[in-house]
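Residue-level listing of the chains:
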Amino acid sequence: QVQLVESGGGLVQPGGSLGLSCAASGSIFSINRMGWYRQAPGKQREWVAAITSGGNTNYAGSVRGRFSISRDNAKNTVYLQMNSLKPEDTAVYYCNADIRERITVVRTKNYWGQGTQVTVSS
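The text that follows walks through the structure, step by step, so that each part is easy to find.

Definitions and cut-offs
Residues numbered from 1 in each chain as written. Predicted model: local features only at pLDDT ≥ 70, side-chain atom pairs only at ≥ 80, totals over all residues. Heavy atoms only, no water. Pairing = 2+ DSSP bridges. Helix = DSSP H or I, 4+ residues; strand = E, 2+ residues; numbered from the N terminus. Core = buried A, V, L, I, M, F, W, Y, C linked by side-chain atoms within 4.5 Å. Buried < 20%, exposed > 50% of the residue type's maximum accessible area, 1.4 Å probe, protein only. Contact = heavy atoms within 4.5 Å. Phe/Tyr/Trp six-rings, centres within 6.5 Å; stacked < 30°, edge-to-face > 60°. Lys NZ or Arg CZ within 6 Å of the ring centre and 35° of its normal. Disulfide = S-S within 2.5 Å.

### Considering the pairing of strand β5 (residues 46–51)
In this sheet, β5 lies alongside strand β4 (residues 30–39) in antiparallel orientation, the contact comprising 5 bridges. Bridge pairing in β5 links tyrosine 37 to tryptophan 47. Inspection of the sheet shows β5 paired to strand β6 (residues 57–59) by 3 bridges, in the antiparallel sense. Residue pairing across strands places isoleucine 51 opposite threonine 57, the latter belonging to β6. Count of turn residues in the β5/β6 antiparallel hairpin: 5 residues, of which glycine 55 carries a positive phi of about 95°.

The following block contains the structure:
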């Protein structure tokens, strides 16, 4: 099986920066799409950013220009660099990945990380 382990959450002041990491481990043949989601208290979970295996990225309008998603395929890791943070960015951030586990099975399985708290406050 596959496990996603996140790190990097914490408290940051408005306008500050914070970097999140999510490393996948276990039975991995290849990782296709990787992405980040977030969920604020009392709100629905929303998509934040995604990156394909080829490095193509896409962002939610609320974070475009401030957040950057990247990946290191050799480390099976996806990153989310968050800049110019706003209080409304406060949420639990979740890593997500579509992972091909076996060379003989093309279909991917979707995995979620445990979530990491990001709090933007003065």
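### A look at the nonpolar core
Grouped together as the largest cluster of nonpolar side chains are 30 residues, with contacts concentrated most on Leu4, Trp36, Leu80, Met82 and Tyr93. Here this core takes 5 residues from strand β9 (residues 91–100), the largest share from any one element.

### Topic: the environment of aspartate 98
Among the structural elements, aspartate 98 can be located in strand β9. Residues aspartate 98 and lysine 109, 11 residues apart in the sequence, show an inter-C-alpha distance of 5.4 Å. If near-sequence neighbours (up to four positions away) are discounted, aspartate 98 is found in contact with Ile31, Asn32, Arg33, Thr108, Lys109 and Asn110.

### Points about the packing of aromatic side chains
Applying the stated criterion across every chain yields a total of 2 aromatic pairs. On the numbers, 6.4 Å between centres and 85° between planes, the contact of tyrosine 94 with tryptophan 112 is edge-to-face. With tyrosine 94 in strand β9 and tryptophan 112 in strand β10 (residues 109–112), this pair connects stretches of sequence that are 18 residues apart. Its relative accessible area of 15% is what places tyrosine 94 among the buried residues. Taking relative accessible area as the criterion, tryptophan 112 reaches 38% and is therefore assigned partly exposed. Members of the aromatic cluster, each reached through a chain of ring pairs, are Tyr37, Tyr94 and Trp112. The residue whose ring lies beneath arginine 45 is tyrosine 94, and the NZ or CZ to ring-centre distance is 3.8 Å. Above the face of the tryptophan 112 ring, arginine 45 is positioned so that its terminal group lies 4.7 Å from the ring centre.

### Some words on the state of the cysteines
Counted by the stated rule, this structure contains 1 disulfide. Paired by a disulfide, cysteine 22 and cysteine 95 hold their sulfur atoms 2.2 Å apart. Classification of the bridge connecting cysteine 22 and cysteine 95 rests on its S-S torsion, roughly -85°, and on that basis the disulfide is left-handed. Of the two residues, cysteine 22 sits in strand β3 (residues 18–26) while cysteine 95 sits in strand β9, which places them 73 residues apart along the sequence. Look at cysteine 95 and you get buried, because its relative accessible area is 0%.

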